[in-house]
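Descriptive structure summary
What follows is each chain in one-letter form.
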Amino acid sequence: MNDAGGKFETLAVTHGERGQRPAEGVEDVAVPVHLSSTYAVPDIDPDASLETLDPDAGEFLYSRLSNPTRNALEHRLAALCGGEHAFAFASGTAAIVTAISAAVEPGDHVVAFDDLYGGTKSMLSRFFEDRLGVAVTLVDARDTEEVAAAMRPETALIWMESPTNPLLRLCDIEAVAAVADEHGALLGVDNTFVGPYFQRPLELGADVVVHSTTKYLNGHSDSIGGALATNDEAFAEEVTFLQRVGMGNMLAPFDAYLTLRGLKTLPLRMEKHASNARAVAEFLSDHSAVSAVHYPGLDSHPQHGLAARQMSGYGGVLSAELATGLDGAARFVAELDHFPLAVSLGGVESLIEHPATMTHSPLSQSERDFLGITDSLLRISVGVEHESDLLSDLATGLDAL
Ligand SMILES: *Cc1c(COP(=O)(O)O)cnc(C)c1O
């Protein structure tokens, strides 16, 4: 469309913006950020439907419904997660609440890992259980038998994470998928802690996989977002309705652009995260001031065999327990230069956090004791810096104890 001309005030609002696209056959190499909230369409279409707008057919009407930048990201997420369909959300939390909402209704039952991300646990109890009448049973899913024993006729969903936060516990995704199938339930897996480069739950039999793209997928600690992927047509249709209309919790275009940009280097980053994390895990394991290291790549991890079967790499997160109390953990953290004290993970920069007083502080002491989160436990998200700088920094911290 050409500019319509007009007086100063009209030109100030509209001039120059319309029709700014490359000629047929000329394409952007990097995806453009389509920030427009609405689209000028060529004519009135009596057959248009908001819920069936197909961005792949160039159907854009309003950016909550479909947006070219988000659509590009959703295609890439689908490909990397091994799903036919993918959706990008405003946060990992938004992806999770949408996935669970698409799977359950009042009166249904959910079986979930007792070691879930804290926000998901609160969501299940305060939103789904207390408000919507969905029963929830938490089990130690390291043992598939516990998952099977908790199943009821009305169980509609099994919700898992592997590895978990912060103790890097695993569940056998393939075996849990078999339990879900046997009971006609869906299996959802939050794969945030390792990401799709090293583990693809849909290929192991899960029905839906979610990621907080805030972590490894975007990878640069500068965007909050979430992703959901599935091969289940009916489920994807329900998610489409929830994302576009029922919840309206889609990812904004600029964050979609950042995440597309971040994904370009996901394999390179993951290889470096994993090799640095292994070096840090081995270094800490050998140090007398450290009483335990939790990393699925170590032979000493009680589920290392399972890790080797279902993951092609072990990621960049580990946790370690110091042979001191809370004050020792505080002294250690204060000595570090390359590990700022911060929650979150999966960015190129290394971070350290103290679960008892940070991510897991909403839990009671007895809940933390039950999960094994002690006052001297520290979680480390190992970045892509040079290994020797990270190891010497940690050595300095441990020497101070
Ligand atoms: C961070 C995280 C979430 C929540 O994602 P947000 O993007 O912060 O909403 C969910 N699950 C896991 C495992 C996480 O690490």
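- An unreviewed UniProt entry annotates the protein chain as Cystathionine gamma-synthase of Halogeometricum pallidum JCM 14848.
- Under the UniProt heading Cofactor (unreviewed entry), the note attached to the protein chain is "pyridoxal 5'-phosphate".

**With respect to empty space enclosed by the protein**
- All chains considered together, the criterion is met by one cavity of 30 Å³ or more.
- Quantified by volume, the largest cavity comes out at close to 40 Å³.
- Lining of the largest cavity is provided by L284, A320, L322, F332, L378 and I380.
- Broken down by secondary-structure element, the contributors of at least two residues to the lining of the largest cavity are β9 (317-322) and β11 (377-381).
- Along the lines of polarity and charge, the residues of the lining of the largest cavity split into six nonpolar, no polar and no charged.

**Brief notes about the packing of helix α9 (residues 266-285) against helix α13 (residues 387-399)**
- At a minimum axis separation of 10 Å, α9 and α13 run at an interaxial angle of 25°. Of the possible angle classes, the one that applies to α9 and α13 is roughly parallel. Here α9 and α13 pass one another in a crossing that is right-handed. Across from N276, A279, V280, F283 and L284 in α9, the residues of α13 making contact are E387, L390, L391, L394, A395 and L398.
- Its residues placed into classes, the contact of α9 with α13 shows nine nonpolar, one polar and one charged.

**Some thoughts on the domain arrangement of the protein chain**
- Each assigned domain of the protein chain is listed here: domain 1 (8-263) and domain 2 (267-399).
- Centre-to-centre, using C-alpha coordinates, domain 1 lies 28 Å away from domain 2.
- In total, about 2,900 Å² of surface goes out of reach between domain 1 and domain 2, with carbon and sulfur atoms giving 58% of it.
- On the surface where domain 1 and domain 2 come into contact, there are one salt bridge.
- The partner of R309 in a salt bridge is D172, with the nearest N and O atoms 3.8 Å apart.
- Only α6 (173-182) and α8 (253-263) provide two or more residues apiece to the side of domain 1 that touches domain 2.
- Tallied by class, residues from the side of domain 1 that touches domain 2 come to 15 nonpolar, nine polar and eight charged.

**A word on the packing of aromatic side chains**
- Applying the stated criterion to the full structure yields five aromatic pairs.
- Each ring, one from Y39 and one from F60, has its centre 5.5 Å from the other, and the planes form 40°; the classification is tilted. Within this pair, whereas Y39 is found in the loop between α1 (8-14) and α2 (68-81), its partner F60 is found in the loop between α1 and α2, the two being separated by 21 residues in sequence. A single burial state applies to Y39 and to F60, both of which are buried.
- Note on F127 and F128: the rings are 5.1 Å apart at their centroids and 75° apart in plane angle, and the pair reads as edge-to-face.

Definitions and limits used
Residues numbered from 1 in each chain as written. Predicted model: local features only at pLDDT ≥ 70, side-chain atom pairs only at ≥ 80, totals over all residues. Heavy atoms only, no water. UniProt positions renumbered as here; feature names shortened; annotations may be inferred. 1 Å grid on protein atoms, 1.4 Å probe; cavity = no way out; pocket = protein on both sides within 12 Å on 5 of 7 lines; lining within 4 Å. Points joined across faces, edges and corners; volume = space filled by probe spheres on them. Helix = DSSP H or I, 4+ residues; strand = E, 2+ residues; numbered from the N terminus. Nonpolar A, V, L, I, M, F, W, Y, C, P; charged D, E, K, R; others polar. Axes fitted to C-alpha atoms, helices over the stretch in contact; angles between N-to-C directions. Parallel < 35°, antiparallel > 145°, perpendicular 65-115°, else oblique. Left-handed = near helix turned anticlockwise from the far one by under 90°. Contact = heavy atoms within 4.5 Å. Domains from an automatic or database assignment. Buried area = accessible area lost by both parts, 1.4 Å probe. Salt bridge = Lys/Arg side-chain N within 4 Å of Asp/Glu carboxyl O. Phe/Tyr/Trp six-rings, centres within 6.5 Å; stacked < 30°, edge-to-face > 60°. Buried < 20%, exposed > 50% of the residue type's maximum accessible area, 1.4 Å probe, protein only.

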